[in-house]
Amino acid sequence: MADARTPGLPDILRDAGLYALVAFGLCIPIIAYRTDAGPTGLELTPRWKLVAAFCAAIFALRVVQRLILARRDARRALTPSPAQATEAVQGEPDAGQRVSKLGLYAFLGVALTLPVIATTASGGLGPARYWIDLGILILTYVMLGWGLNIVVGLAGLLDLGYVAFYAVGAYCYALLSTTFGLSFWICLPLAGLFAAAWGMVLGFPVLRLRGDYLAIVTLAFGEIIRLVLINWTDLTGGAAGISSIPRATFFGIPFTADETGFAARFGLEFDSMHRVVFLYYLILGLALLTNLATLRLRRMPIGRAWEALREDEIACRSLGIDTTTTKLTAFALGAAFAGFAGSFFSVRQGFISPESFTFLESAIILAIVVLGGMGSQVGVAIAAVAMVGGPELLRNLGFLSAVFGEGFDPNEYRLLLFGLAMVAMMVWRPRGLISVRVPSVSLGERRAISGAHVSEGHG
């Protein structure tokens, strides 16, 4: 006779059918009809085949999930608990930690050679611009994810208004360069300092808040910054934004076609793609600087204080750690890296407006951190590549148009894909893609304890 706790196949199918029915109800107002321009106005085009495909996929995925969970529960029932374990625990890094380290090196290798690979595969710098621009966009989100990882992943402080610091950095460079004529290299550290100052401004009111209350306050802070940017028209230009932002130079050498330009100085034929490649390696350097600083800080006392705060704030205080300083440094450093990224965004776009810094951007950055694994640098990079580059990859898959229709655009279902990815991660890998983190402090090789220190007389 089957265990009462083990679901049978009829129960699993019934549960999957209920999920498919709920999915069908949700698909009717969202997917079932599409508005197209017709001769007499807007017309509704039915897409019941797409609805059926979604419902079938939900049914199949729910069945697979229940079977996997049932197998996991059965395996756990046969595995002794950690309290009953009698064998020694190994102190060496496991396979997940080694794969994480190799993944970081692989990501670095691909990132360093992407312009070369894209140029070789496309037949020139001009045709490779699409892929280089995509790499710039992905690296921008990687840098933002690594910056937010300090606040959310290491310190355990849920921040839903991270895009506000991104906006502070962008507007800092735009205003300083257009008003005072300062160069990008001078404005870059100033943008980080301004954003860090605003991070501390946010940190002081939320020192006693945790969890949902902290999330609400940070969300409100992000919206306040956006509304200020919209309404303070004398300074920010309001909804019209700021245009004609000066471009970055190669340490004072502009990317122009005259004799003082980059190409003439280095004996190259002028190509407008030189600036794009320079911007790619610039954001790559900023992202690597963020990663290096985060890894170094984790091994310092402040990094261990962040992780102690994340695990248990009460125990952290009982150990004599100043939680006020710990929280403020997490907010300030995370905001500083967002300010650097915002300054780069401003110089790359040449135009900024409050519409570029909505709550959706904060949600995307937070989703990257959660999906990648809070505290995992490699996981955040993988999640950024998947969430930012994924829709672009789907756009280039021609067979999808044959399956879903000629007008299929994966960007229309970007939020739906985000939601499905979040649900799947919470079910199968609740700690993210890379849930294994390298310890901040390593004890090195294991050594036996002297027999004089144990009652059994042996180590």
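Residues numbered from 1 in each chain as written. Predicted model: local features only at pLDDT ≥ 70, side-chain atom pairs only at ≥ 80, totals over all residues. Heavy atoms only, no water.

### Let's talk about the pairing of strand β2 (residues 41-46)
1) Next: Summarising the sheet, strand β1 (residues 33-38) and β2 pair through six bridges and their orientation is antiparallel. Directly across from D36, in β2, lies its bridge partner E43. (Pairing = 2+ DSSP bridges. Helix = DSSP H or I, 4+ residues; strand = E, 2+ residues; numbered from the N terminus.)

### Section: the packing of aromatic side chains
1) Next: In the structure shown here, the tally under the stated rule is 23 aromatic pairs.
2) Next: Judged by centre distance (4.6 Å) and plane angle (10°), the ring pair of W185 and F251 falls under stacked. In this pair, W185 sits in helix α6 (residues 184-203) while F251 sits in the loop between α8 (233-236) and α9 (262-265), placing the two residues 66 residues apart along the sequence.
3) Next: Take W185: its relative accessible area is 27%, and that puts it in the partly exposed class.
4) Next: Judged by centre distance (6.4 Å) and plane angle (45°), the rings of W198 and F221 are tilted. One end of the pair, W198, is in helix α6; the other, F221, is in helix α7 (residues 211-231), and 23 residues separate them in sequence.
5) Next: Here W198 falls in the partly exposed class, since its relative accessible area comes to 37%.
6) Next: For F221, a relative accessible area of 11% gives the class buried.
7) Next: Through a chain of ring-to-ring contacts, the aromatic side chains of Y173, F184, W185, F250, F251, F255, F262, F266 and F278 assemble into a single cluster. (Phe/Tyr/Trp six-rings, centres within 6.5 Å; stacked < 30°, edge-to-face > 60°. Buried < 20%, exposed > 50% of the residue type's maximum accessible area, 1.4 Å probe, protein only.)

### As for the pattern of salt bridges
1) Next: Applying the stated criterion across every chain yields a total of ten salt bridges.
2) Next: The salt bridge partner of D36 is R34, with a shortest N-O separation of 3.3 Å.
3) Next: With a relative accessible area of 24%, R34 lands in the partly exposed category.
4) Next: R226 is the salt-bridge partner of E223, the closest N and O atoms lying 2.9 Å from each other. One end of the pair, E223, and the other, R226, are both in helix α7, three residues apart, so they sit about a helical turn from each other.
5) Next: Classification of E223 as partly exposed rests on a relative accessible area of 25%.
6) Next: According to the relative accessible area criterion, R226 is buried, its value standing at 19%.
7) Next: Taken together, the shared-partner salt bridges connect D15, R62 and R66 into one network. (Salt bridge = Lys/Arg side-chain N within 4 Å of Asp/Glu carboxyl O.)

### Remarks on the packing of helix α10 (residues 273-299) against helix α13 (residues 323-349)
1) Next: Axis separation between α10 and α13 bottoms out at 11 Å; the angle between their running directions is 180°. Here α10 lies roughly antiparallel to α13, going by the angle between them. When α10 is examined against α13, the residues L279, L282, I283, L286, T290, A293 and L297 are found in contact with a partner set consisting of L333, F337, F340, F344 and R348. (Axes fitted to C-alpha atoms, helices over the stretch in contact; angles between N-to-C directions. Parallel < 35°, antiparallel > 145°, perpendicular 65-115°, else oblique. Contact = heavy atoms within 4.5 Å.)

### Structural notes on unusual backbone geometry
1) Next: Positive phi values are uncommon outside glycine, yet S244 reaches one of about 55°.
2) Next: Residue placement: S244 occurs in the loop between α8 and α9.
3) Next: S244 gets classed as exposed once you look at its relative accessible area, which sits at 64%.
4) Next: Phi is positive for F251, which is not a glycine, with a value near 55°.
5) Next: The class for F251 is exposed, based on a relative accessible area of 61%.

### A look at helix α5 (residues 163-180)
1) Next: Between its first and last C-alpha atoms α5 spans 25 Å; for 18 residues at 1.5 Å apiece the expected length is 26 Å, and the two agree.
2) Next: Positive phi shows up at G181, right after α5, with a value of about 70°. (Expected span 1.5 Å × (residues − 1).)

### Observations regarding the environment of I245
1) Next: Topologically, I245 is positioned in the loop between α8 and α9.
2) Next: I245 sits 103 residues away from R348 along the chain, and the two C-alpha atoms are 9.0 Å apart.
3) Next: Not counting the four nearest positions on each side in its chain, I245 is found in contact with Y173, A174, S177, T178, S346, G350, F351 and I352.

### Concerning the confidence of the model for the chain
1) Next: Averaged over all residues, the pLDDT of the chain is 82; the fraction at 70 or higher stands at 83%.
2) Next: Note on residues 83-91: pLDDT is under 50 here. Beyond four places in sequence and across chains, it has four contacts.
3) Next: The low-confidence segment residues 454-459, where pLDDT is below 50, has seven contacts with residues more than four positions distant or belonging to other chains. (pLDDT = per-residue confidence, 0-100.)

### What to know about a nonpolar patch on the surface
1) Next: Together, L18, Y19, L21, V22, F24, L26, I28, I30, Y33, L44 and W48 make up an exposed nonpolar region whose accessible area comes to about 1,100 Å².
2) Next: Looking at the nonpolar patch, the element that brings in the most residues is helix α1 (residues 9-30), giving eight residues.
3) Next: Assignment of secondary structure puts W48 in helix α2 (residues 48-78). (Patch = residues over 30% accessible without salt bridge, like charges linked within 9 Å, V, L, I, M, F, W, Y side chains within 5 Å. Areas by Shrake-Rupley, 256 points an atom, 1.4 Å probe, with all protein chains shown as cover.)

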